[in-house]
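Here's the letter readout for the chains.
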Amino acid sequence: MAAEWGYSPTNGPDVWARLFPQAGGARQSPVDICTSIASSDSNLEMKKLTFAYESQSDLRILNTGHGWKVEAPQSGSRLEGGPLGEDIYQLEQFHCHWGETSAEGSEHTVDGRAYAGELHLVHWNTTKYQSFAEAAQHPDGLAVLGVFFDVGNESNDEIEKIVSTLSEIKFKGQFTDIPDVIDPTTFLPSGLGYWTYLGSLTTPPCNECVIWIVYKEPITVTEEQVTYH
Ligand code: B30
Ligand code: ZN
């Protein structure tokens, strides 16, 4: 495989397992969510998934070489309940996946259909583990919320706060401060139904450490907000 992983035929998902053995495992993400097979679980409704997110200023945004990532360590933003048992998960970072055109880009698909993009809010289990790195070595270490992007006429104000900084971080490794205050709650759709399953990081090292929570309802962004390259 080429020196660095990516998404081309020579360094893409089909060959990741050569350098990252976990990528050959049995709980790999993303998956196609088959709505006719998905079942509802009354246990999940008994202890509702709740998030207590804090508005954040002075967040740093980074070009990772495969997208953008906003770091939110010590944010105090917490996620608990639902499929997370008794443990509390803290927001560490959020990032996005998108494609060449708005016809593709999401990682999870629903009945074979891709959305234009997918936002990931990445949390780690602070009840059981001491650090994000430690949590990523355990099957209940991380919880990632996935939110699909649908393309429409209305722009998303919170996403715009991020998109407007991207011209400053055109190259891998560059970073800048986000001048606006971000409230992660506003990234979530109004309908709070979700699918959940046990999976993995979707990129190398592909650790099988993620409790996935994927919102059924997408949020709407404009074509311009999701096709920046
Ligand atoms: S995801 O939400 O499943 N797409 C990581 C976190 C979440 C996901 C995927 C990967 C992660 O922490 N990866 C290891 C660290 N990364 C740095 C990073 O977060 O930006 C190193 C890397 O991949 O080579 Cu990209
Ligand atoms: Zn991701």
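For the structure, see preceding data.
In this report, we go over the structure that sits alongside the text. This structure is a prediction, so every number in the text was calculated from the model and none was measured. (Residues numbered from 1 in each chain as written. Chains lettered and ligands numbered in written order. Predicted model: local features only at pLDDT ≥ 70, side-chain atom pairs only at ≥ 80, totals over all residues. Heavy atoms only, no water.)

Protein coordination of the copper atom of ligand 1 rests on one atom only, His66 (NE2), at 2.4 Å. Among the secondary structure elements, His66 is positioned in the loop between strand E3 (60–63) and strand E4 (68–71). (Donors = N, O, S within 2.8 Å, 3.2 Å for Na, K, Ca; no water. Helix = DSSP H or I, 4+ residues; strand = E, 2+ residues; numbered from the N terminus.)

Attention now goes to the coordination of the zinc ion (ligand 2). Within the protein, His95 (NE2), His97 (NE2) and His120 (ND1) serve as the donor atoms for the zinc ion (ligand 2), at 2.0 Å. Taken together, the 4 donor atoms coordinating the zinc ion (ligand 2) span angles of 101 to 115° at the metal, a pattern that classifies the geometry as tetrahedral. Spacing between the donor residues of the zinc ion (ligand 2) along the chain follows H-x1-H-x22-H. With His97 in strand E6 (residues 88–98) and His120 in strand E9 (residues 117–125), this residue pair connects regions lying 23 residues apart in the sequence. (Tetrahedral: all angles 85-135°; square planar, octahedral: opposite > 155°, others 65-115°.)

Taking strand neighbours across the sheet as the criterion, the 3 strands line up as E1-E7-E8 in an open arrangement whose pairing is mixed. Since the sheet does not close on itself, it has two edges, and those belong to strand E1 (32–33) and strand E8 (113–114), each with one partner. Summarising the sheet, strand E7 (residues 109–110) and E8 pair through 2 bridges and their orientation is antiparallel. Bridge pairing links Val110 to Arg113 in E8. (Pairing = 2+ DSSP bridges.)

On to the packing of aromatic side chains, then. Scanning the entire structure with this criterion turns up 8 aromatic pairs. Relative to Trp16, the ring of Trp5 lies with its centre 5.3 Å away and its plane at 80°, an arrangement referred to as edge-to-face. One end of the pair, Trp5, is in the segment before helix H1 (16–19); the other, Trp16, is in helix H1, with 11 residues separating them in the sequence. Ring geometry for Trp68 against Phe94: centres 6.3 Å apart, planes inclined by 85°, an arrangement best described as edge-to-face. Of this pair, Trp68 sits in strand E4 while Phe94 sits in strand E6, placing them 26 residues apart in sequence. Among the aromatic residues, those joined into a cluster by ring pairs are Trp5, Tyr7 and Trp16. Lying across the ring of Phe175, Arg60 places its NZ or CZ 4.2 Å from the centre. (Phe/Tyr/Trp six-rings, centres within 6.5 Å; stacked < 30°, edge-to-face > 60°. Lys NZ or Arg CZ within 6 Å of the ring centre and 35° of its normal.)

Time to look at the environment of Asp14. Position of Asp14 among the secondary structure elements: in the segment before H1. Accessibility expressed as a relative area gives 78% for Asp14, which makes it exposed. With 10 residues separating them in the primary sequence, Asp14 and Gly24 have C-alpha atoms 9.5 Å apart. (Buried < 20%, exposed > 50% of the residue type's maximum accessible area, 1.4 Å probe, protein only.)

Turning our attention to unusual backbone geometry. For the peptide bond that leads from Ser29 to Pro30, omega is 0°, which places it in the cis range. Counting through the fold element by element, Pro30 comes out in the loop between H1 and E1. Backbone geometry at Asp111 places phi at a positive 50°, although glycine is not the residue there. Exposure remark for Asp111: the relative accessible area of 45% places this residue in the partly exposed category. The phi dihedral of Cys206 is positive, around 60°, even though this residue is not glycine. Relative to the helices and strands, Cys206 is located in the loop between strand E12 (194–199) and strand E13 (210–215). Taking the relative accessible area as the measure of exposure, Cys206 reaches 1% and is therefore buried.

Right, let's get into the side chain of Asp87. With respect to the element layout, Asp87 can be found in the loop between strand E5 (78–80) and E6. The class for Asp87 is buried, based on a relative accessible area of 11%. A polar contact of 3.4 Å, which involves the side chain of Asp87, links it to the side chain of Lys128. The contacts of Asp87, once residues within four sequence positions are left out, are Leu79, Glu80, Asn125, Thr127, Lys128 and Asp140. (Polar contact = N/O pair within 3.5 Å; in protein donor to acceptor, adjacent residues only side chain to side chain. Contact = heavy atoms within 4.5 Å.)

Further remarks concern the pairing of E3. Across 4 bridges, E3 lies against E4 in antiparallel orientation. Bridge pairing links Arg60 to Glu71 in E4. If you look at the hairpin formed by E3 and E4, you'll find 4 residues sitting between the two strands, and Gly65 has a positive phi there, around 95°. Both E3 and strand E11 (residues 175–177) contribute to a ladder of 3 bridges, which runs antiparallel. If you follow Arg60 over to E11, its bridge partner there is Asp177.

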